[in-house]
Amino acid sequence: MTYAQKVANGLLASMPVLQISHTDEQGKKHEWNIQSVYDLNKCYADLSVRGELTTGLLQSISKEYEEMMTSWKPSINK
């Protein structure tokens, strides 16, 4: 494994995960583990397809994600 791969793996391993759960109108619970912007977009897409992505929910999730990433201090073990 190259040094760059070790750094990338360490960085990914140290990233926090935001756990979001949402109960839809039929009472079914949906959960997402959001670690990257890709995961965040997938969560938004899932909610949008079901017609449940309200402005309030969008703002709430994005604020939680922003706070999580702002407080994250990357630590890489060499």
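This structure is a prediction, so every number in the text was calculated from the model and none was measured.

K.L.:
Just checking my understanding: could you explain helix H2 (residues 37-49) for this structure?
P.N.:
Each turn of an α-helix holds 3.6 residues, which means side chains three or four residues apart point in the same direction. When the terminal C-alpha atoms of H2 are compared, their 18 Å separation across 13 residues agrees well with the 18 Å that a helix rising 1.5 Å per residue should span. Against strand S1 (18-23), strand S2 (29-34) and helix H3 (55-71) lie the buried residues of H2. Positive backbone phi, at 75°, marks Gly51, one or two positions downstream of H2.

K.L.:
What am I meant to see in the nonpolar core here?
P.N.:
Generally speaking, nonpolar side chains in soluble globular proteins are found buried as a group. Membership of the largest hydrophobic core is limited to 12 residues, which are Leu18, Ile20, Trp32, Ile34, Leu40, Cys43, Tyr44, Leu47, Leu57, Ile61, Tyr65 and Met68. Secondary structure elements with two or more residues in this core: S1, S2, H2 and H3. Beyond its immediate chain neighbours, meaning those up to four positions away, Ile20 contacts His30, Glu31, Trp32, Ile34, Ile61 and Glu64.

K.L.:
In this structure, what is going on with the environment of Leu40? I would like to understand it.
P.N.:
On the secondary structure map, Leu40 appears in helix H2. For Leu40 and Gln26, which are 14 residues apart along the polypeptide, the C-alpha to C-alpha distance reads 23 Å. The residues contacting Leu40, other than those within four sequence positions of it, are Ile34, Ile61 and Tyr65.

K.L.:
How should the pattern of salt bridges be read in this particular structure?
P.N.:
Where charged atoms from two side chains of opposite charge approach closely, those side chains can pair. For the structure shown, the criterion picks out 4 salt bridges. The salt bridge partner of Glu31 is Lys29, with a shortest N-O separation of 3.5 Å.

K.L.:
What exactly am I supposed to notice about the pairing of S2 here?
P.N.:
As a general feature of sheets, a regular strand has side chains that alternate between the two faces. Side-chain alternation along S2 places His30, Trp32 and Ile34 on a buried face and Lys29, Glu31 and Asn33 on a face that remains uncovered. Bridge analysis of S1 against S2 gives 6 bridges, and the strand direction is antiparallel. Bridging across to S2, Ser21 finds its partner in Glu31. Once S1 ends, the chain turns through 5 residues before running back antiparallel as S2, passing Gly27 with a positive phi of about 90°.

The rules behind the values
Residues numbered from 1 in each chain as written. Predicted model: local features only at pLDDT ≥ 70, side-chain atom pairs only at ≥ 80, totals over all residues. Heavy atoms only, no water. Helix = DSSP H or I, 4+ residues; strand = E, 2+ residues; numbered from the N terminus. Expected span 1.5 Å × (residues − 1). Contact = heavy atoms within 4.5 Å. Core = buried A, V, L, I, M, F, W, Y, C linked by side-chain atoms within 4.5 Å. Buried < 20%, exposed > 50% of the residue type's maximum accessible area, 1.4 Å probe, protein only. Salt bridge = Lys/Arg side-chain N within 4 Å of Asp/Glu carboxyl O. Pairing = 2+ DSSP bridges.

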